[in-house]
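Structure at a glance
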Amino acid sequence: MKLVFATNNLNKLKEVQEMLPASIELLSLKDIHCFDEIEETATTLEGNAQIKANYITDKFGYNCFADDTGLEIEALNGDPGVYSARYAGEPANAEKNMHKVLENLKNTENRVAQFRTSVCLNLDGNQFLFDGICKGEILTQKQGEKGFGYDPIFQPENFLISFAEMSSEEKNKISHRGRAIKKLIDFLNAMY
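Only a predicted model underlies this, so the values are computations on that prediction, with no experimental measurement involved. (Residues numbered from 1 in each chain as written. Predicted model: local features only at pLDDT ≥ 70, side-chain atom pairs only at ≥ 80, totals over all residues. Heavy atoms only, no water.)

**A few points about the overall build of the chain**
Stated precisely, the cut-off is as follows: Put simply, DSSP marks the helices as runs of H or I at least four residues long and the strands as runs of E at least two long, and each gets a number from the N terminus on. Here the term buried applies to any residue with accessible area under 20% of the maximum for its type, exposed to any over 50%, and partly exposed to those in between, with areas from a 1.4 Å probe on protein chains only.
In terms of regular secondary structure, the chain is built from five helices and seven strands. Its helices and strands in sequence order give the chain the pattern β-α-β-α-β-β-α-β-β-β-α-α, from N to C terminus. Principal axes of the C-alpha set define a box for the chain whose edges measure 50 × 30 × 25 Å. For the chain, with 192 residues in total, the buried portion stands at 46%.

**Remarks on the pairing of strand β5 (residues 112-123)**
When a strand is regular, its side chains alternate between the sheet's two faces. Note the following rule: Strand pairing requires that DSSP identify at least two bridges connecting the strands.
In terms of residue burial, β5 counts as a mostly covered element, since eleven of its twelve residues are buried. Sheet topology note: the strand β3 (residues 64-73)/β5 ladder contains ten bridges and is antiparallel. Across the sheet, Phe 65 pairs through a bridge with Leu 121, a residue of β5. The sheet contact formed by β5 and strand β6 (residues 126-138) spans twelve bridges and is antiparallel. Bridge assignment links Gln 114 to a residue of β6, and that residue is Lys 135. The loop that links β5 with its antiparallel partner β6 comprises two residues; one of these, Asp 124, has a positive phi angle of about 50°.

**Points about the environment of Lys 173**
Here Lys 173 shows up in helix α4 (residues 168-174). In this structure the C-alpha to C-alpha distance between Lys 173 and Met 19, which are 154 residues apart in sequence, comes to 9.3 Å.

**Side note on the packing of helix α1 (residues 10-19) against helix α5 (residues 176-191)**
Note the threshold: Working convention: axes come from line fits to C-alpha atoms, limited for helices to the stretch in contact. Angles between N-to-C directions cover 0 to 180 degrees. With respect to orientation, any angle under 35 degrees is reported as roughly parallel, any angle over 145 as roughly antiparallel, any angle of 65 to 115 as roughly perpendicular, and every other angle as oblique. Whether a crossing is left-handed or right-handed is set by the direction in which the near helix is turned from the far one by less than a right angle, anticlockwise for left-handed and clockwise for right-handed. Between two residues, a contact is recorded if the distance between any of their heavy atoms is within 4.5 Å. The classification used treats Ala, Val, Leu, Ile, Met, Phe, Trp, Tyr, Cys and Pro as nonpolar, Asp, Glu, Lys and Arg as charged, and all other residues, Gly among them, as polar.
Contact geometry of α1 with α5 gives a least axis separation of 10 Å together with a crossing angle of 45°. In this view, α1 runs oblique relative to α5, as classed from their interaxial angle. Taken as a pair, α1 and α5 cross one another with a handedness that is right-handed. In contact with Lys 12, Glu 15, Val 16 and Met 19 of α1, α5 contributes Arg 177, Gly 178, Ile 181, Lys 182 and Ile 185. Its residues assigned to classes, the contact of α1 with α5 shows four nonpolar, one polar and four charged.

**Side note on the environment of Glu 39**
Relative to the elements of secondary structure, Glu 39 occurs in the loop between β2 (25-27) and α2 (45-60). In this structure the C-alpha to C-alpha distance between Glu 39 and Tyr 55, which are 16 residues apart in sequence, comes to 9.8 Å.

**A word on α1**
The cut-off we apply is this: The directions considered for the arc are those from the helix axis to the C-beta atoms. Between N or O atoms, a polar contact is any pair within 3.5 Å; within protein, one atom must be a potential hydrogen donor and the other a potential acceptor, and residues adjacent in sequence are included only when both atoms are from side chains.
Along α1, the residues that are buried comprise Lys 12, Leu 13, Glu 15, Val 16 and Met 19. All buried residues of α1 project into a common sector of 165° when viewed along the axis, lining one side. Buried residues in α1 make contact with β1 (2-5), β2, β3, α4 and α5. Where α1 begins, one side-chain oxygen reaches toward the backbone nitrogen of Asn 11, 2.9 Å away; that side chain belongs to Asn 9.

Shown next as structure tokens:
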């Protein structure tokens, strides 16, 4: 089965490709010649995932899924949340985003945080939503060279290392995106 993952983020694409069964051929936006910038204008992760999935299905006619992820920090009232990718402003910059988070938490003991991913699947005229959460905390400084985004400053619950210190296999087993995609895969496996 062919399925489009509506993302331009090559790191996300690689992560998800490693998790999908061989029976699903994952296509990127580039593969379907979609070079449009899909505006994420919703105020929720679910809304942004739906906008992206609907855009691809409506314009290109493919079965498709899209995701949106946010880092939710308790001491910052859930921020950066839906604005995680551009927390430090335009253009999106992971280093600046991490710096802003660390600055905002500089004098804060409460470092409880979670990553949350919402996945929207458009399949044969129906729409399905899947959610994944990974609880943890924000470190006081960056650790590790792997991963992307906020990975160097996020330490998942029950681990002593950051996402950026884990192999992609380790991270995929416990990550927010990994959990949401696992629900998607289980759903697809049950249907096909």
